[in-house]
Amino acid sequence: MAVPSEMQMKNAFALFDQTGDGTINLTELSEALRVCGATPTEEELAGFSAELGEGAVVDYNTFKGFVTRGGLVKRNHQELVVAFKGAFDRDGLGYLSVAELRQCLVNLGDKMHDEEVDHFLGLAEVDDHGRVHYETYIKELETFTPF
C-alpha cells in the first residue's frame, strides 16, 4: 500500500481534529493512522506514547511524520485472507454470514461504534444466501478510501 497523498493525510487529520485547534490526541492519532491505511501494533502505539509523553497532542506535521516514517505494519491481501480463513472460516468455505462478519467487526480489534460497523458492512457484497465472500470483501476494503 502506497503512502497516502498530502490531501488524504490532511483530510484524515482534519477528520479527527474535532476542536479545530490543529492537534489530535494519541487515541485520535491511532485512528487517523488507520484511516491512512496503516495498522500500527500495540507496541508501536506504546512507542508513540512513550516518544510523545503522556497526555500529549500531535500537530499535523508530527502526524505526517508518523504516516510517512515507514515501518508501520500494513497487512497485505494474502495475510488478510489467511486470517479470515484461519480465525473465522473454520470450514474453509470462503465466506461468512453477515452476522458472523458483524460479530468480527464488533468484537475484534479496536471497538467500533454501530455506525462504523454498519458502514463497513455496507461495503460488503452479500450473496443471495446472506453470505459475504471474504476475498471479495477484502479487495473492496483495499480500494475503499474515505476521502
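Residues numbered from 1 in each chain as written. Predicted model: local features only at pLDDT ≥ 70, side-chain atom pairs only at ≥ 80, totals over all residues. Heavy atoms only, no water.

1. Thoughts on the environment of Asp114
Okay, step 1: Note on placement: Asp114 falls in helix α7 (residues 114-122).
Okay, step 2: For Asp114, a relative accessible area of 53% puts it in the exposed group.
Okay, step 3: A sequence separation of 12 residues divides Asp114 from Arg102, and the C-alpha atoms of the two residues are 9.7 Å apart. (Helix = DSSP H or I, 4+ residues; strand = E, 2+ residues; numbered from the N terminus. Buried < 20%, exposed > 50% of the residue type's maximum accessible area, 1.4 Å probe, protein only.)

2. Some words on the pattern of salt bridges
Okay, step 1: Across all of its chains, the model carries 3 salt bridges by this definition.
Okay, step 2: One salt bridge connects Arg102 with Asp118, and the closest N-O pair in it is separated by 2.6 Å. Highlighted residues: Arg102 in helix α6 (residues 98-107) and Asp118 in helix α7, separated in sequence by 16 residues.
Okay, step 3: As a salt-bridge pair, Arg131 and Asp127 come within 3.0 Å of each other at their nearest N and O atoms.
Okay, step 4: Looking at Arg131, the relative accessible area reads 23%, which means it is partly exposed. (Salt bridge = Lys/Arg side-chain N within 4 Å of Asp/Glu carboxyl O.)

That is the geometry; function is a separate question.
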